[in-house]
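# Reading the structure
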Number of protein chains: 2
Amino acid sequence: MTAQVTPQQETRTSVGARRSEATEAAVLEAFATLLDEVGYAAITMEAVAKQARAGKATLYRWWPTKAHIALSLISKAKVEIAPPAGVSLRDDLIDYLSRMIGLWRGDAGLPVGVLVRHCYAEAWSDPELAEALQAERRERWTMLNDILQAAMARGELPTGTDLARAKDFVMSWPIYLLMTDRLPSPEEIARMVDDTLGGLRSGSSRHPSRDT
Amino acid sequence: MTAQVTPQQETRTSVGARRSEATEAAVLEAFATLLDEVGYAAITMEAVAKQARAGKATLYRWWPTKAHIALSLISKAKVEIAPPAGVSLRDDLIDYLSRMIGLWRGDAGLPVGVLVRHCYAEAWSDPELAEALQAERRERWTMLNDILQAAMARGELPTGTDLARAKDFVMSWPIYLLMTDRLPSPEEIARMVDDTLGGLRSGSSRHPSRDT
DNA sequence: TATATGAAACGAAACGTTCCGTTTCGCAAG
DNA sequence: CTTGCGAAACGGAACGTTTCGTTTCATATA
(Lines give C-alpha, C1' and ligand atoms only; values in the text may rest on other atoms or scores of the structure.)
Protein backbone atom coordinates (compact mmCIF):
# COMPACT_ATOMS: atom_id res chain seq x y z
CA MET A 1 0.00 0.00 0.00
CA THR A 2 1.51 3.27 -1.15
CA ALA A 3 0.28 6.59 0.13
CA GLN A 4 -1.14 8.95 -2.44
CA VAL A 5 0.92 12.08 -2.65
CA THR A 6 0.28 14.94 -4.99
CA PRO A 7 3.49 15.88 -6.77
CA GLN A 8 4.50 19.48 -7.03
CA GLN A 9 2.97 21.31 -9.96
CA GLU A 10 5.59 23.84 -10.99
CA THR A 11 7.80 22.39 -13.68
CA ARG A 12 11.37 23.56 -13.69
CA THR A 13 13.84 23.54 -16.53
CA SER A 14 17.59 23.58 -16.53
CA VAL A 15 19.28 26.81 -15.49
CA GLY A 16 22.40 25.82 -17.37
CA ALA A 17 25.83 25.08 -16.06
CA ARG A 18 25.02 25.97 -12.47
CA ARG A 19 23.29 24.18 -9.68
CA SER A 20 19.60 24.97 -9.61
CA GLU A 21 18.59 26.34 -6.25
CA ALA A 22 14.96 25.86 -7.18
CA THR A 23 15.56 22.16 -7.66
CA GLU A 24 17.44 21.87 -4.40
CA ALA A 25 14.59 23.56 -2.57
CA ALA A 26 12.05 21.34 -4.33
CA VAL A 27 13.92 18.20 -3.30
CA LEU A 28 14.13 19.24 0.33
CA GLU A 29 10.48 20.19 0.38
CA ALA A 30 9.55 16.90 -1.26
CA PHE A 31 11.54 14.99 1.34
CA ALA A 32 9.80 16.81 4.18
CA THR A 33 6.42 16.09 2.60
CA LEU A 34 7.14 12.40 2.21
CA LEU A 35 8.51 12.23 5.75
CA ASP A 36 5.18 13.47 6.99
CA GLU A 37 3.14 11.23 4.70
CA VAL A 38 4.89 7.85 4.76
CA GLY A 39 7.63 8.11 7.41
CA TYR A 40 11.40 8.05 7.04
CA ALA A 41 11.88 4.33 6.44
CA ALA A 42 9.42 4.23 3.54
CA ILE A 43 11.01 7.14 1.68
CA THR A 44 12.74 6.09 -1.53
CA MET A 45 14.95 8.09 -3.84
CA GLU A 46 12.52 7.36 -6.65
CA ALA A 47 9.61 8.77 -4.70
CA VAL A 48 11.58 11.88 -3.75
CA ALA A 49 12.50 12.48 -7.40
CA LYS A 50 8.93 12.03 -8.52
CA GLN A 51 7.50 14.22 -5.75
CA ALA A 52 10.04 16.95 -6.52
CA ARG A 53 9.61 16.58 -10.28
CA ALA A 54 13.33 16.01 -10.50
CA GLY A 55 15.42 13.44 -12.32
CA LYS A 56 16.99 10.65 -10.33
CA ALA A 57 20.35 11.53 -11.84
CA THR A 58 20.02 15.01 -10.40
CA LEU A 59 19.32 13.58 -6.95
CA TYR A 60 22.28 11.27 -7.04
CA ARG A 61 24.51 14.02 -8.38
CA TRP A 62 24.10 16.08 -5.20
CA TRP A 63 23.06 13.55 -2.55
CA PRO A 64 24.65 10.07 -2.51
CA THR A 65 21.96 8.65 -0.19
CA LYS A 66 18.72 9.76 1.33
CA ALA A 67 20.52 10.31 4.64
CA HIS A 68 22.46 13.11 2.95
CA ILE A 69 19.17 14.74 1.99
CA ALA A 70 18.11 14.42 5.61
CA LEU A 71 21.35 16.07 6.72
CA SER A 72 20.71 18.95 4.33
CA LEU A 73 17.31 19.41 5.92
CA ILE A 74 18.85 19.35 9.40
CA SER A 75 21.41 21.97 8.47
CA LYS A 76 18.69 24.19 7.07
CA ALA A 77 16.64 23.91 10.26
CA LYS A 78 18.72 26.32 12.28
CA VAL A 79 17.25 27.24 15.57
CA GLU A 80 16.60 30.82 16.38
CA ILE A 81 18.25 30.39 19.72
CA ALA A 82 18.67 33.51 21.76
CA PRO A 83 22.12 33.94 23.22
CA PRO A 84 22.32 32.78 26.83
CA ALA A 85 20.87 35.23 29.32
CA GLY A 86 23.88 34.57 31.47
CA VAL A 87 21.97 34.68 34.71
CA SER A 88 22.41 31.11 35.87
CA LEU A 89 23.73 27.95 34.30
CA ARG A 90 20.54 26.14 35.22
CA ASP A 91 18.31 28.63 33.41
CA ASP A 92 20.61 28.77 30.40
CA LEU A 93 20.65 24.98 30.06
CA ILE A 94 16.89 24.64 30.47
CA ASP A 95 16.33 27.29 27.82
CA TYR A 96 18.87 25.81 25.43
CA LEU A 97 17.67 22.23 25.77
CA SER A 98 14.02 23.22 25.57
CA ARG A 99 14.58 24.88 22.22
CA MET A 100 16.71 22.03 20.95
CA ILE A 101 14.18 19.39 22.00
CA GLY A 102 11.33 21.46 20.61
CA LEU A 103 13.11 21.49 17.28
CA TRP A 104 13.58 17.72 17.50
CA ARG A 105 9.95 17.19 18.40
CA GLY A 106 8.81 19.19 15.38
CA ASP A 107 7.39 22.30 16.99
CA ALA A 108 8.56 24.20 13.91
CA GLY A 109 6.77 21.79 11.57
CA LEU A 110 9.63 19.47 10.69
CA PRO A 111 10.42 16.68 13.19
CA VAL A 112 14.17 17.21 13.06
CA GLY A 113 14.80 14.58 15.73
CA VAL A 114 13.61 11.83 13.40
CA LEU A 115 16.10 13.02 10.79
CA VAL A 116 18.90 13.31 13.33
CA ARG A 117 18.62 9.81 14.70
CA HIS A 118 18.40 8.25 11.27
CA CYS A 119 21.51 10.15 10.25
CA TYR A 120 23.29 8.76 13.29
CA ALA A 121 22.19 5.26 12.30
CA GLU A 122 23.29 5.51 8.69
CA ALA A 123 26.59 7.03 9.77
CA TRP A 124 27.41 3.71 11.44
CA SER A 125 28.11 2.27 8.00
CA ASP A 126 29.09 5.45 6.13
CA PRO A 127 32.28 7.13 7.40
CA GLU A 128 31.86 10.05 5.03
CA LEU A 129 28.41 10.77 6.43
CA ALA A 130 29.74 10.32 9.95
CA GLU A 131 32.26 13.06 9.35
CA ALA A 132 29.69 15.42 7.87
CA LEU A 133 27.40 14.74 10.81
CA GLN A 134 30.15 15.45 13.30
CA ALA A 135 30.90 18.77 11.61
CA GLU A 136 27.24 19.70 11.76
CA ARG A 137 27.07 18.79 15.43
CA ARG A 138 30.17 20.79 16.25
CA GLU A 139 28.63 23.85 14.66
CA ARG A 140 25.28 23.35 16.32
CA TRP A 141 26.68 23.00 19.79
CA THR A 142 28.67 26.23 19.67
CA MET A 143 26.17 28.00 21.85
CA LEU A 144 26.24 25.22 24.43
CA ASN A 145 29.96 25.78 24.58
CA ASP A 146 29.37 29.48 25.21
CA ILE A 147 26.89 28.71 27.96
CA LEU A 148 29.31 26.44 29.77
CA GLN A 149 32.21 28.83 29.32
CA ALA A 150 30.21 31.73 30.72
CA ALA A 151 29.18 29.61 33.69
CA MET A 152 32.81 28.77 34.32
CA ALA A 153 33.71 32.46 34.17
CA ARG A 154 30.99 33.20 36.74
CA GLY A 155 32.32 30.50 38.99
CA GLU A 156 29.36 28.19 38.58
CA LEU A 157 31.66 25.54 37.20
CA PRO A 158 35.16 24.70 38.44
CA THR A 159 37.90 26.42 36.50
CA GLY A 160 39.57 23.96 34.23
CA THR A 161 36.37 22.07 33.49
CA ASP A 162 36.77 20.06 30.29
CA LEU A 163 34.20 21.73 28.07
CA ALA A 164 34.13 19.08 25.34
CA ARG A 165 33.49 16.47 27.99
CA ALA A 166 30.88 18.59 29.73
CA LYS A 167 29.07 19.13 26.43
CA ASP A 168 28.87 15.37 25.93
CA PHE A 169 27.60 14.96 29.46
CA VAL A 170 24.88 17.55 29.02
CA MET A 171 23.72 16.19 25.67
CA SER A 172 23.89 12.49 26.48
CA TRP A 173 20.58 12.21 28.28
CA PRO A 174 18.57 14.18 25.70
CA ILE A 175 20.09 12.18 22.87
CA TYR A 176 19.48 8.93 24.72
CA LEU A 177 15.82 9.90 25.06
CA LEU A 178 15.71 10.80 21.37
CA MET A 179 17.10 7.39 20.51
CA THR A 180 14.53 5.62 22.67
CA ASP A 181 11.69 7.74 21.35
CA ARG A 182 10.81 9.33 24.68
CA LEU A 183 11.48 13.06 24.22
CA PRO A 184 10.86 14.82 27.54
CA SER A 185 8.17 17.35 28.32
CA PRO A 186 9.15 20.85 29.54
CA GLU A 187 8.81 19.90 33.22
CA GLU A 188 10.93 16.83 32.65
CA ILE A 189 13.60 18.94 31.02
CA ALA A 190 14.04 20.97 34.17
CA ARG A 191 14.42 17.83 36.29
CA MET A 192 16.87 16.45 33.76
CA VAL A 193 19.01 19.58 34.02
CA ASP A 194 18.93 19.40 37.81
CA ASP A 195 20.12 15.80 37.75
CA THR A 196 22.83 16.65 35.26
CA LEU A 197 24.08 19.54 37.37
CA GLY A 198 23.86 17.75 40.68
CA GLY A 199 24.49 14.14 39.76
CA LEU A 200 22.99 11.01 41.24
CA ARG A 201 24.02 11.62 44.81
CA SER A 202 22.42 15.04 44.99
CA GLY A 203 19.02 13.48 45.46
CA SER A 204 17.37 15.64 42.86
CA SER A 205 16.22 12.54 41.05
CA ARG A 206 13.52 11.85 43.61
CA HIS A 207 10.59 12.29 41.30
CA PRO A 208 7.97 9.91 39.97
CA SER A 209 8.72 8.81 36.43
CA ARG A 210 7.35 6.43 33.89
CA ASP A 211 8.74 2.95 33.66
CA THR A 212 11.52 1.94 31.34
CA MET B 1 31.36 -7.08 -4.86
CA THR B 2 30.23 -9.89 -2.57
CA ALA B 3 32.46 -11.34 0.11
CA GLN B 4 33.29 -14.98 -0.22
CA VAL B 5 31.99 -16.91 2.74
CA THR B 6 32.21 -20.64 3.21
CA PRO B 7 28.76 -21.99 4.03
CA GLN B 8 28.29 -24.50 6.80
CA GLN B 9 28.78 -28.11 5.76
CA GLU B 10 26.31 -30.09 7.86
CA THR B 11 23.04 -30.55 6.07
CA ARG B 12 19.93 -30.70 8.20
CA THR B 13 16.53 -32.12 7.47
CA SER B 14 13.15 -31.71 9.11
CA VAL B 15 12.77 -33.03 12.64
CA GLY B 16 9.04 -33.39 12.13
CA ALA B 17 6.27 -31.25 13.49
CA ARG B 18 8.56 -29.33 15.83
CA ARG B 19 10.88 -26.38 15.51
CA SER B 20 14.40 -27.49 14.75
CA GLU B 21 16.80 -26.22 17.37
CA ALA B 22 19.72 -27.17 15.18
CA THR B 23 18.40 -24.86 12.47
CA GLU B 24 17.87 -22.03 14.93
CA ALA B 25 21.45 -22.38 16.16
CA ALA B 26 22.74 -22.54 12.59
CA VAL B 27 20.91 -19.34 11.68
CA LEU B 28 22.27 -17.44 14.67
CA GLU B 29 25.77 -18.67 13.98
CA ALA B 30 25.45 -17.75 10.32
CA PHE B 31 24.31 -14.26 11.26
CA ALA B 32 27.28 -13.79 13.57
CA THR B 33 29.64 -15.00 10.86
CA LEU B 34 28.21 -12.62 8.27
CA LEU B 35 28.28 -9.76 10.77
CA ASP B 36 32.00 -10.28 11.11
CA GLU B 37 32.60 -10.72 7.40
CA VAL B 38 30.48 -8.08 5.70
CA GLY B 39 29.02 -5.90 8.48
CA TYR B 40 25.45 -5.47 9.65
CA ALA B 41 24.16 -3.27 6.83
CA ALA B 42 25.27 -5.68 4.11
CA ILE B 43 23.60 -8.71 5.68
CA THR B 44 20.61 -9.98 3.69
CA MET B 45 18.07 -12.63 4.61
CA GLU B 46 19.10 -14.57 1.53
CA ALA B 47 22.73 -14.62 2.56
CA VAL B 48 21.82 -15.74 6.08
CA ALA B 49 19.72 -18.59 4.69
CA LYS B 50 22.48 -19.68 2.34
CA GLN B 51 25.17 -19.46 5.00
CA ALA B 52 23.03 -21.45 7.43
CA ARG B 53 21.95 -23.96 4.77
CA ALA B 54 18.38 -23.07 5.64
CA GLY B 55 15.36 -22.24 3.53
CA LYS B 56 14.23 -18.64 3.34
CA ALA B 57 10.74 -19.76 4.28
CA THR B 58 12.11 -21.17 7.51
CA LEU B 59 13.82 -17.88 8.30
CA TYR B 60 10.72 -15.82 7.73
CA ARG B 61 8.62 -18.27 9.69
CA TRP B 62 10.55 -17.55 12.89
CA TRP B 63 12.09 -14.11 12.34
CA PRO B 64 10.08 -11.41 10.50
CA THR B 65 13.17 -9.25 9.83
CA LYS B 66 16.89 -9.46 10.28
CA ALA B 67 16.60 -7.19 13.30
CA HIS B 68 14.68 -9.95 15.04
CA ILE B 69 17.57 -12.32 14.38
CA ALA B 70 19.86 -9.71 15.88
CA LEU B 71 17.62 -9.49 18.94
CA SER B 72 17.78 -13.27 19.33
CA LEU B 73 21.55 -13.03 19.31
CA ILE B 74 21.47 -10.26 21.90
CA SER B 75 19.24 -12.28 24.21
CA LYS B 76 21.56 -15.26 23.91
CA ALA B 77 24.59 -13.13 24.80
CA LYS B 78 23.88 -12.98 28.49
CA VAL B 79 26.66 -11.52 30.52
CA GLU B 80 28.14 -13.55 33.29
CA ILE B 81 27.88 -10.59 35.59
CA ALA B 82 28.82 -11.21 39.17
CA PRO B 83 26.30 -9.89 41.67
CA PRO B 84 27.33 -6.51 43.07
CA ALA B 85 30.03 -6.66 45.70
CA GLY B 86 28.01 -4.19 47.68
CA VAL B 87 31.00 -2.29 48.93
CA SER B 88 30.47 1.06 47.26
CA LEU B 89 28.11 2.34 44.60
CA ARG B 90 31.06 3.69 42.65
CA ASP B 91 32.82 0.32 42.47
CA ASP B 92 29.60 -1.52 41.66
CA LEU B 93 28.78 0.85 38.81
CA ILE B 94 32.28 0.73 37.36
CA ASP B 95 32.22 -3.06 37.45
CA TYR B 96 28.75 -3.31 35.96
CA LEU B 97 29.36 -0.80 33.17
CA SER B 98 32.75 -2.27 32.34
CA ARG B 99 31.22 -5.68 31.75
CA MET B 100 28.32 -4.26 29.80
CA ILE B 101 30.57 -2.13 27.59
CA GLY B 102 32.97 -5.03 27.14
CA LEU B 103 30.08 -7.10 25.87
CA TRP B 104 29.11 -4.29 23.52
CA ARG B 105 32.64 -3.91 22.27
CA GLY B 106 32.86 -7.61 21.48
CA ASP B 107 35.30 -8.85 24.11
CA ALA B 108 33.37 -12.14 24.07
CA GLY B 109 33.69 -12.45 20.30
CA LEU B 110 30.37 -11.01 19.23
CA PRO B 111 30.13 -7.19 19.03
CA VAL B 112 26.77 -6.99 20.75
CA GLY B 113 26.78 -3.19 20.71
CA VAL B 114 26.48 -3.16 16.94
CA LEU B 115 23.43 -5.40 17.19
CA VAL B 116 21.90 -3.32 19.97
CA ARG B 117 22.10 -0.01 18.19
CA HIS B 118 20.71 -1.42 14.96
CA CYS B 119 17.81 -2.91 16.91
CA TYR B 120 17.13 0.52 18.38
CA ALA B 121 17.16 2.01 14.90
CA GLU B 122 14.81 -0.53 13.38
CA ALA B 123 12.51 -0.22 16.37
CA TRP B 124 11.84 3.36 15.32
CA SER B 125 9.64 2.03 12.53
CA ASP B 126 8.59 -1.30 14.04
CA PRO B 127 6.46 -1.01 17.21
CA GLU B 128 6.42 -4.77 17.71
CA LEU B 129 10.23 -4.86 17.74
CA ALA B 130 10.28 -1.81 20.00
CA GLU B 131 8.23 -3.69 22.57
CA ALA B 132 10.40 -6.80 22.39
CA LEU B 133 13.50 -4.64 22.75
CA GLN B 134 12.08 -2.87 25.78
CA ALA B 135 11.32 -6.22 27.43
CA GLU B 136 14.86 -7.37 26.76
CA ARG B 137 16.26 -4.16 28.21
CA ARG B 138 14.11 -4.42 31.32
CA GLU B 139 15.41 -7.91 31.94
CA ARG B 140 19.00 -6.97 31.28
CA TRP B 141 18.99 -4.02 33.64
CA THR B 142 17.71 -5.97 36.61
CA MET B 143 21.12 -6.08 38.19
CA LEU B 144 21.57 -2.33 37.78
CA ASN B 145 18.35 -1.97 39.69
CA ASP B 146 19.75 -4.17 42.46
CA ILE B 147 22.94 -2.12 42.60
CA LEU B 148 21.05 1.14 43.01
CA GLN B 149 18.66 -0.32 45.54
CA ALA B 150 21.51 -1.68 47.65
CA ALA B 151 23.24 1.71 47.52
CA MET B 152 20.05 3.35 48.70
CA ALA B 153 19.80 0.86 51.57
CA ARG B 154 23.37 1.69 52.56
CA GLY B 155 22.58 5.39 52.51
CA GLU B 156 24.73 6.16 49.47
CA LEU B 157 21.65 7.39 47.68
CA PRO B 158 18.82 9.45 49.18
CA THR B 159 15.86 7.38 50.30
CA GLY B 160 13.05 7.74 47.84
CA THR B 161 15.35 7.98 44.83
CA ASP B 162 13.41 7.18 41.68
CA LEU B 163 15.17 4.02 40.56
CA ALA B 164 13.74 3.89 37.03
CA ARG B 165 14.89 7.45 36.51
CA ALA B 166 18.29 6.76 38.03
CA LYS B 167 18.75 3.75 35.77
CA ASP B 168 18.10 5.94 32.73
CA PHE B 169 20.54 8.51 34.03
CA VAL B 170 23.27 5.94 34.57
CA MET B 171 22.80 4.31 31.18
CA SER B 172 22.33 7.45 29.11
CA TRP B 173 25.99 8.34 28.71
CA PRO B 174 27.14 4.80 27.79
CA ILE B 175 24.33 4.44 25.28
CA TYR B 176 25.05 7.87 23.85
CA LEU B 177 28.66 6.81 23.32
CA LEU B 178 27.48 3.56 21.74
CA MET B 179 25.31 5.52 19.34
CA THR B 180 28.18 7.82 18.38
CA ASP B 181 30.61 4.95 18.01
CA ARG B 182 32.94 6.05 20.78
CA LEU B 183 32.80 3.30 23.39
CA PRO B 184 34.95 4.34 26.36
CA SER B 185 38.13 2.70 27.58
CA PRO B 186 38.30 1.33 31.16
CA GLU B 187 39.86 4.53 32.53
CA GLU B 188 37.20 6.61 30.83
CA ILE B 189 34.50 4.46 32.38
CA ALA B 190 35.68 5.39 35.87
CA ARG B 191 35.61 9.10 35.03
CA MET B 192 32.18 8.65 33.51
CA VAL B 193 30.87 7.07 36.70
CA ASP B 194 32.37 9.86 38.79
CA ASP B 195 30.68 12.49 36.66
CA THR B 196 27.40 10.62 36.82
CA LEU B 197 27.57 10.34 40.60
CA GLY B 198 28.75 13.85 41.22
CA GLY B 199 27.20 15.82 38.39
CA LEU B 200 28.57 18.75 36.45
CA ARG B 201 29.10 21.05 39.41
CA SER B 202 31.22 18.56 41.30
CA GLY B 203 34.21 19.37 39.17
CA SER B 204 35.03 15.75 38.51
CA SER B 205 34.88 16.40 34.78
CA ARG B 206 38.20 18.20 34.77
CA HIS B 207 40.05 15.74 32.61
CA PRO B 208 41.52 15.97 29.14
CA SER B 209 39.26 14.36 26.54
CA ARG B 210 39.11 13.96 22.84
CA ASP B 211 37.22 16.46 20.77
CA THR B 212 33.62 16.00 19.74
C1' DT C 1 -2.04 -37.03 8.99
C1' DA C 2 -0.10 -32.77 10.30
C1' DT C 3 3.78 -29.99 10.41
C1' DA C 4 8.56 -28.56 9.68
C1' DT C 5 12.49 -28.67 6.56
C1' DG C 6 15.84 -27.31 2.35
C1' DA C 7 15.65 -25.85 -2.17
C1' DA C 8 14.11 -23.43 -6.07
C1' DA C 9 11.42 -20.16 -8.59
C1' DC C 10 8.49 -16.26 -8.62
C1' DG C 11 6.66 -11.11 -9.10
C1' DA C 12 7.26 -6.67 -7.05
C1' DA C 13 9.94 -2.90 -5.63
C1' DA C 14 13.98 -0.09 -5.20
C1' DC C 15 18.49 0.46 -6.41
C1' DG C 16 22.04 3.16 -9.08
C1' DT C 17 23.41 4.01 -13.94
C1' DT C 18 23.00 5.43 -18.59
C1' DC C 19 21.08 7.54 -22.18
C1' DC C 20 18.34 11.47 -24.43
C1' DG C 21 17.10 16.24 -25.82
C1' DT C 22 16.94 20.88 -23.75
C1' DT C 23 18.68 24.96 -21.42
C1' DT C 24 22.04 28.12 -19.74
C1' DC C 25 26.54 29.57 -18.47
C1' DG C 26 31.48 31.13 -19.45
C1' DC C 27 34.75 32.27 -22.73
C1' DA C 28 36.95 33.11 -27.07
C1' DA C 29 36.82 34.57 -31.91
C1' DG C 30 35.18 37.73 -35.09
C1' DC D 1 29.14 43.95 -29.17
C1' DT D 2 27.77 39.88 -31.34
C1' DT D 3 28.17 35.18 -32.36
C1' DG D 4 29.55 30.43 -31.67
C1' DC D 5 30.62 26.56 -28.89
C1' DG D 6 32.11 23.40 -25.10
C1' DA D 7 30.75 22.26 -20.50
C1' DA D 8 27.51 21.31 -17.22
C1' DA D 9 22.98 20.82 -15.14
C1' DC D 10 18.24 19.84 -15.95
C1' DG D 11 13.75 16.46 -16.36
C1' DG D 12 12.54 12.21 -18.02
C1' DA D 13 12.70 7.49 -19.46
C1' DA D 14 14.65 3.06 -19.71
C1' DC D 15 17.89 -0.22 -18.26
C1' DG D 16 19.87 -4.45 -15.60
C1' DT D 17 20.63 -5.84 -10.78
C1' DT D 18 19.60 -6.79 -6.14
C1' DT D 19 16.72 -7.82 -2.34
C1' DC D 20 12.48 -8.68 -0.74
C1' DG D 21 8.78 -11.76 0.92
C1' DT D 22 5.82 -15.51 -0.99
C1' DT D 23 4.77 -19.79 -3.06
C1' DT D 24 5.54 -24.43 -4.42
C1' DC D 25 7.65 -28.84 -4.18
C1' DA D 26 9.48 -33.30 -2.44
C1' DT D 27 11.06 -35.16 1.84
C1' DA D 28 11.34 -36.41 6.70
C1' DT D 29 9.59 -36.93 11.47
C1' DA D 30 6.23 -37.21 15.30
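Residues numbered from 1 in each chain as written. Chains lettered and ligands numbered in written order. Predicted model: local features only at pLDDT ≥ 70, side-chain atom pairs only at ≥ 80, totals over all residues. Heavy atoms only, no water.

Under the definition given, this model contains 5 aromatic pairs over all chains. Between A:Phe169 and B:Trp173, the aromatic rings sit 5.0 Å apart at their centres with planes inclined by 35 degrees, giving tilted as the arrangement. Of this pair, A:Phe169 sits in helix H9 (residues 163-179) while B:Trp173 is found in helix H9 (residues 163-179), placing the two residues in two different chains. For B:Trp173, a relative accessible area of 3% puts it in the buried group. With centroids separated by 6.1 Å and ring planes inclined at 70 degrees, the aromatic side chains of B:Phe31 and B:Tyr40 adopt a geometry described as edge-to-face. On the basis of relative accessible area, B:Phe31 is assigned to the buried category, the value being 0%. These aromatic residues form a ring-pair network of at least three members: A:Phe169, A:Trp173, B:Phe169 and B:Trp173. (Phe/Tyr/Trp six-rings, centres within 6.5 Å; stacked < 30°, edge-to-face > 60°. Helix = DSSP H or I, 4+ residues; strand = E, 2+ residues; numbered from the N terminus. Buried < 20%, exposed > 50% of the residue type's maximum accessible area, 1.4 Å probe, protein only.)

Right, let's get into unusual backbone geometry. Comment: phi is negative for the bulk of residues other than glycine, and the bulk of peptide bonds are trans. Residues and elements named next belong to chain B. The backbone phi angle of Arg53 is positive, close to 55 degrees, even though this residue is not glycine. Of note, Arg53 is situated in the loop between helix H2 (45-52) and helix H3 (56-62). Even without glycine at this site, Asp181 takes up a positive phi of about 60 degrees. In this structure, Asp181 sits in the loop between H9 and helix H10 (186-198).

Evaluated as defined, the whole model comprises 19 salt bridges over all chains. Residue B:Asp195 pairs with A:Arg165 through a salt bridge whose shortest N-O separation is 3.1 Å. One end of the pair, B:Asp195, is in helix H10; the other, A:Arg165, is in helix H9, on a second chain. Each member of the salt-bridge network shares a partner with another, and the members are A:Lys78, A:Glu136 and A:Arg140. (Salt bridge = Lys/Arg side-chain N within 4 Å of Asp/Glu carboxyl O.)

Here the focus is the packing of helix H5 (residues 89-105) of chain A against helix H8 (residues 142-154) of chain A. All names here are of chain A. Contact geometry of H5 with H8 gives a least axis separation of 10 Å together with a crossing angle of 175 degrees. One way to sum up the angle between H5 and H8 is to call them roughly antiparallel. Here H5 contributes Leu89, Asp92, Leu93 and Tyr96 to the contact with H8, which in turn contributes Met143, Leu144, Ile147, Leu148, Ala151 and Arg154. Here the residues of the contact of H5 with H8 are counted per class, giving 8 nonpolar, no polar and 2 charged. (Axes fitted to C-alpha atoms, helices over the stretch in contact; angles between N-to-C directions. Parallel < 35°, antiparallel > 145°, perpendicular 65-115°, else oblique. Contact = heavy atoms within 4.5 Å. Nonpolar A, V, L, I, M, F, W, Y, C, P; charged D, E, K, R; others polar.)

Moving on to the relation of the copies chain B and chain A. Mapping chain B onto chain A calls for a screw motion: a turn of 180 degrees about the axis and a shift of 0.0 Å along it, with 0.1 Å RMSD after fitting. Here the transformation between the copies is reduced to the relation of a two-fold axis. Minimal C-alpha separation from the rotation axis in chain B is found for B:Gly199, amounting to 1.7 Å. Here 100% of the contact residues of chain B are again contact residues in chain A; the copies associate through an equivalent surface. (Least-squares fit on C-alpha atoms with pLDDT ≥ 70 in both.)

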